[in-house]
Amino acid sequence: MVLSTRFFTDFTPQASFDIKKCELHRLEAGPSETAVLTREQGLQYYRTMQTMRRMELKADQLYKQKIIRGFCHLYDGQEACAMGIEAGINPTDHLITAYRAHGYTFTRGVSVREIMAELTGRRGGVAKGKGGSMHMYAKHFYGGNGIVGAQGQIFESFNMAALWKLPCIFICENNKFGMGTSVERSSASTDYFKRGDYIPGIKVDGMDVLCVREAIKFAADYCRAGKGPIVMELETYRYHGHSMSDPGVSYRSREEIQEVRSKSDPITMLKERMLSNNMASVEEIKEIDVDIRKVIEDAAQFAISDPEPPLDELCNHIFANDLPMEVRGTNPWVKLKSVS
């Protein structure tokens, strides 16, 4: 019997990669076109993005089984955006997002069990089963929220941030579709990174986690230097439809989706970089995948078996501090009864 053992010292500890150049608006210089990746970072990024992907695929399954109800907007395909953003900022930085929020909830430190239980409306969910897919929160994370970049509000925010030189990064995850309408059909100008007009902007390859990370680092340094806000467009792609009620193939073909998967998938891209540069082994990647599947299955079982919040807790957790006697007719001391 021949035993083969591979030690960590056999792997390349870090490597440099050329990344796609960003398009710039009102900037003389932009993010670095070279990214350094350590083996530890690569494995962490891979595990995080693969966990997001598997979590969303499990959510798809539970929704089709009618265990998850209501609204559910999945994030698979866009994992490099959430991971790259988290890798480029600090845990103490504040982040707010829209309703495709499961991935961000995970990168902000919430466990898969709490996310899945929230999706199924259970007591062990991150919002105690009261928020569902669109309303998950963590420390320094305020998402998701309903309206996505509503034009009036976004331009008002641009204006205030520019006037007061606020350290704010505005990010558009351009996944090519507004619900079922392509950006080309809905926008006379698809250069969303220029929408801030007087605010500098960057267009980034949102399918490459290293591109996103370097661009976010650049933007964060820009803001921290007191230069005011910056607008970023992360060019990405969603594999699912707008929500679970949208099959996603009436306004685009299955062939288009498959082509993006085969040529630009963010997880595959990172894995191939690491394997081709001897930063990980195929066996190691497979072990991570197996471990992730176990985590997802455990979370799904918890999300199915955990009890729903009792009716008498419906009015709790509205206020953090002193409670007023009534809020729109809801008194937290009144016992609620089901009339169904």
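Just above sits the structure.
Let me begin by describing the structure that accompanies this report. (Residues numbered from 1 in each chain as written. Predicted model: local features only at pLDDT ≥ 70, side-chain atom pairs only at ≥ 80, totals over all residues. Heavy atoms only, no water.)

Moving on, we get to a nonpolar patch on the surface. A surface patch of nonpolar side chains, amounting to about 440 Å² of accessible area, comprises Met-160, Leu-163, Trp-164 and Leu-166. With respect to the element layout, Trp-164 can be found in the loop between α5 (151-163) and β6 (169-174). With a relative accessible area of 55%, Trp-164 lands in the exposed category. (Patch = residues over 30% accessible without salt bridge, like charges linked within 9 Å, V, L, I, M, F, W, Y side chains within 5 Å. Areas by Shrake-Rupley, 256 points an atom, 1.4 Å probe, with all protein chains shown as cover. Salt bridge = Lys/Arg side-chain N within 4 Å of Asp/Glu carboxyl O. Helix = DSSP H or I, 4+ residues; strand = E, 2+ residues; numbered from the N terminus. Buried < 20%, exposed > 50% of the residue type's maximum accessible area, 1.4 Å probe, protein only.)

Note that the residue after Gly-143, namely Gly-144, is joined by a cis bond; omega there is -5 degrees. As for its position among the elements, Gly-144 is in the loop between β5 (141-142) and α5. The phi dihedral of Lys-128 falls on the positive side, at around 60 degrees, and the residue is not glycine. Mapped onto the secondary structure, Lys-128 falls in the loop between α4 (112-119) and β4 (137-138). Even without a glycine there, the phi angle at Asp-197 is positive, about 60 degrees. Looking at where Asp-197 falls in the secondary structure, it is placed in the loop between α6 (183-186) and β9 (201-205).

Per the stated rule, a full pass over the model turns up six aromatic pairs. Between Phe-158 and Phe-170 the ring centres are 4.8 Å apart and the planes differ by 85 degrees, which places this aromatic pair in the edge-to-face class. Linking Phe-158 in helix α5 with Phe-170 in strand β6, this pair joins segments that are twelve residues apart in sequence. An identical accessibility class is assigned to Phe-158 and Phe-170; each is buried. (Phe/Tyr/Trp six-rings, centres within 6.5 Å; stacked < 30°, edge-to-face > 60°.)

Within the open sheet, the four strands sit side by side as β2-β9-β10-β6. Their pairing is mixed. On the outer flanks of this sheet lie β2 (23-25) and β6, each paired with one strand and no other. Here the strands of the sheet are splayed against their neighbours by 20 degrees on average, with no regard to which way each runs. Across the sheet, helix α7 (residues 209-224) is in contact with β6, β9 and β10 (230-235); its angle to β10 comes to roughly 175 degrees. (Pairing = 2+ DSSP bridges. Axes fitted to C-alpha atoms, helices over the stretch in contact; angles between N-to-C directions. Contact = heavy atoms within 4.5 Å.)

Right, let's get into the environment of Gln-258. Within the secondary structure, Gln-258 is located in helix α8 (residues 254-264). The class of Gln-258 is partly exposed, set by a relative accessible area of 45%. In this structure, the C-alpha to C-alpha distance between Gln-258 and Tyr-239, residues 19 residues apart in sequence, is 8.7 Å.

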